[in-house]
Amino acid sequence: ATAAACHLARAICRRAERRCWALVHAAVAPADGMSAASLRYLNRLSDLLFVLARLYARAAGSGEPLWQHERGSGGSTGGPPGE
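These lines cover the structure that appears in this document, whether it is placed above or below. (Residues numbered from 1 in each chain as written. Predicted model: local features only at pLDDT ≥ 70, side-chain atom pairs only at ≥ 80, totals over all residues. Heavy atoms only, no water.)

## Section: the pattern of salt bridges
Considering all chains together, one arrives at 2 salt bridges under this definition. The salt bridge partner of Arg44 is Asp47, with a shortest N-O separation of 2.7 Å. Placement of the pair is Arg44 and Asp47 together in helix α2 (residues 36-59), with a separation of 3 residues, close to one helical turn. (Salt bridge = Lys/Arg side-chain N within 4 Å of Asp/Glu carboxyl O. Helix = DSSP H or I, 4+ residues; strand = E, 2+ residues; numbered from the N terminus.)

See the structure below:
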């Protein structure tokens, strides 16, 4: 349950990060108003929540499946969507 809560918190944090970047790119929030430190903080917070979720899952004995990249599938570049 703790690992799931960390994953949920991470998803919310990532959503906030994407919205902040959208504001910066849409020039609604000036880049200096939305400080680089704030964006970096959100990114690092989501990293921390991911690691905590993995640790809690391992401590509970449930673990988590590792993502397996299928090489040569032809449909993906292996990068983020849109690349």
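## Quick look at the environment of Arg40
Looking at the element boundaries, Arg40 is found in helix α2. For Arg40, a relative accessible area of 51% gives the class exposed. It is 9.0 Å that separates the C-alpha atoms of Arg40 and Glu17, two residues lying 23 residues apart in sequence. (Buried < 20%, exposed > 50% of the residue type's maximum accessible area, 1.4 Å probe, protein only.)

## Concerning the environment of Asp47
Look at Asp47 and you get partly exposed, because its relative accessible area is 33%. Here the alpha-carbon distance between Asp47 and Arg10, two residues 37 residues apart in the chain, equals 7.9 Å.

## Looking at the packing of helix α1 (residues 2-25) against α2
Between two packed helices, the angle of one axis relative to the other and the distance separating the axes together describe the packing. At their nearest, the axes of α1 and α2 sit 8 Å apart, and the two run at 165° to each other. Between α1 and α2, the angle falls in the class roughly antiparallel. Considering how the two elements wind past one another, α1 and α2 form a crossing that is left-handed. Looking at side-chain class alone, the contact of α1 with α2 contains 17 nonpolar, 4 polar and 3 charged residues. (Axes fitted to C-alpha atoms, helices over the stretch in contact; angles between N-to-C directions. Parallel < 35°, antiparallel > 145°, perpendicular 65-115°, else oblique. Left-handed = near helix turned anticlockwise from the far one by under 90°. Nonpolar A, V, L, I, M, F, W, Y, C, P; charged D, E, K, R; others polar.)

## Structural notes on α1
With 24 residues, α1 should cover 34 Å at 1.5 Å per step; its first-to-last C-alpha distance of 35 Å lies within 8% of that length. Buried within α1 are the following residues: Ala3, Cys6, Cys13, Glu17, Cys20 and Val24. Contact partners of the buried residues in α1: α2. Following α1 by one or two positions, Ala27 has its phi on the positive side, about 60°. (Expected span 1.5 Å × (residues − 1). Contact = heavy atoms within 4.5 Å.)

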